[in-house]
Structures are given as structure tokens and as C-alpha cells.
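Residues per chain are reported as follows:
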Amino acid sequence: MCRPERPLTTANKALRGLHEWLRSQRDRTRQGYRALAERADCHATTLQRAASGETVPKLQTVLNYARACDASPEEARRLWRNARYEQTRQARSGCGRPVPRPEYVYDFVDLSAAVQDLYERAGSPPLRTMEQRAGGFGHLPRSTAHRIVTKQAMPHSLQQFQAYLRACEVPEADWPDWEAAWTRAWRHEKRDGWLGSDVNLLMRRALDSSYVRAAQGHTPRYNRGRSLRA
């Protein structure tokens with residue numbers, strides 16, 4: 001028989017959903033945490049905290065929990081991402097401009113907000129993980145991924161943007177809308193021939209040098225008060 005769980009107290013609704021799902025899977029097995037820990041190959045206390053803590057547990061812990069309960073790893077990953085995303089939003093306290101849907105992306109300010117949101121919806125994975133997901137060395141270097149997710153730079157080519165979408169595990173069925181958004185933003189920059197002041201403010205603190213190296217040998221020049229050329 002399973003012992004009664006402690007009441008859930010988190011203000012993160014998505015995390016509460018993850019906790020409730022994990023608990024329901026354990027209830028279904030009718031096993032205690034010690035028995036599940038043997039199957040999950042981790043400590044029973046780790047599993048218990050994953051289903052009741054105030055912070056989002058590690059993804060691997062959630063996947064181990066699901067495996068021990070013979071539950072869906074896809075569902076576990078989806079719920080974990082939602083919880084991590086909500087935690088990130090709460091940490092920002094709602095700061096930043098609204099995130100547009102891809103069909104409403106018009107310029108670099110829109111695109112910058114959108115690509116950062118994609119990263120956060122993916123669970124804010126480590127940069128090393130993003131590099132691996134993107135296709136390995138050269139497709140999306142960690143330094144490039146860092147500048148993109150921190151709004152210091154834009155993917156400089158469609159191939160690099162596709163690598164970024166892959167790294168954020170965006171379904172390929174959604175790629176055409178995002179590719180069209182990337183194209184509109186770059187056309188807007190090239191047509192106007194300058195970066196708006198909002199984008200300069202977003203990027204300024206990272207632009208101590210005149211050049212930002214890109215993944216495939218292309219090095220667009222950033223100068224304060226001047227345009228970025230592809």
C-alpha cells in the first residue's frame with residue numbers, strides 16, 4: 001500500500017500538474033517509493049521530492065520516475081517542460097515584451113522575443129544539449145546558441161535558424177511558419193538598413209567588440225548606431 005502524500009503547496013500550476021500526474025502513476029502501481037526506487041535506479045527520497053517539491057525536478061529524475069511506473073516518457077517530458085517554462089516565466093515576473101506567434105513576427109524585436117520563448121518552452125536545455133540536438137559540431141555552436149537565447153544576436157542564416165528549431169525540438173510541421181517569420185524579420189532589417197533602438201538596447205551589453213562570429217564563417221558587423229548587414 002502507498003503511504004499518503006504530503007499536500008501540494010506550489011503556486012506553479014504546471015508543476016502541480018506534473019506532481020499530480022506522477023502521484024497518479026505511483027497510485028496505479030500500488031507500490032511505495034522504495035520499490036519504485038529499485039526500478040528507477042535512484043534514491044526513494046529523490047522520487048518523493050520529484051512529486052512534491054516546490055521547485056521543478058531534473059528531467060532525468062522525472063523520466064526515471066515514469067520508467068519505474070511504466071508510464072509514458074513523452075507525457076512525462078511534456079509535463080516537465082510546461083512546469084519548467086512556468087517557473088522561468090515566474091522568475092522573470094512577467095518582464096519583457098509579449099511573445100508574438102510566428103505569423104505575427106515582423107522585425108528583429110519580435111523574432112528575438114519569439115526565439116527566446118522557444119528556448120524556454122523547450123525547458124531551457126543546456127547549451128551543450130542544444131549543440132548536440134542541432135546536429136553536432138558546426139550547426140549551432142554553444143557560443144552562438146548563448147547569444148541567441150540571451151537576445152544578443154539573431155540566427156544569421158536559414159540553415160542556422162533551422163538548427164536552432166531542431167535544438168528546441170520544434171516539430172518540423174511547424175517549421176514553415178517559423179522560417180517565414182525569420183525571412184520577414186531579415187527582409188525588414190535589410191530594407192530599412194538599420195536596427196531599431198529597441199534591438200540595440202537588447203544587444204548592447206554583449207557587443208563589446210566590432211564583430212560577432214557566426215557558425216558558418218559569416219561574421220556580420222555590429223556597430224552602435226549603425227545597421228547589421230547579413
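Residues numbered from 1 in each chain as written. Predicted model: local features only at pLDDT ≥ 70, side-chain atom pairs only at ≥ 80, totals over all residues. Heavy atoms only, no water.

### Describing unusual backbone geometry
- Positive phi outside glycine occurs at S124, with the angle close to 50°.
- Mapped onto the elements, S124 comes out in the loop between α6 (108-121) and α7 (127-134).
- Judged by relative accessible area, which is 14%, S124 ranks as buried.
- Unusually for a residue other than glycine, E169 sits at a positive phi of about 55°.
- Following the sequence through the fold, E169 ends up in the loop between α9 (158-167) and α10 (175-192). (Helix = DSSP H or I, 4+ residues; strand = E, 2+ residues; numbered from the N terminus. Buried < 20%, exposed > 50% of the residue type's maximum accessible area, 1.4 Å probe, protein only.)

### A look at the nonpolar core
- Among the nonpolar cores identified, the biggest contains 28 residues, and L111, M130, L140, Y164 and C168 are the most heavily contacted of them.
- Mapped by element, the contributors of at least two residues to this core are α6, α7, α8 (142-149), α9 and α10.
- Beyond its immediate stretch of four places on either side in the chain, M130 contacts Y119, P125, L140, A145, Y164, A167 and C168.
- If you look at the next biggest cluster of nonpolar residues, it comprises 26 residues, including L22, Y33, L59 and A76. (Core = buried A, V, L, I, M, F, W, Y, C linked by side-chain atoms within 4.5 Å. Contact = heavy atoms within 4.5 Å.)

### A few points about the pattern of salt bridges
- Going through the model one piece at a time under the given rule, you end up with eight salt bridges.
- The shortest N-O distance in the salt bridge between R121 and D117 comes to 2.8 Å. Pair noted here: R121 and D117 are both in helix α6, with a separation of four residues, about one helical turn.
- According to the relative accessible area criterion, D117 is buried, its value standing at 7%.
- Within this structure, R81, R133 and E169 form a network of salt bridges that share partners. (Salt bridge = Lys/Arg side-chain N within 4 Å of Asp/Glu carboxyl O.)

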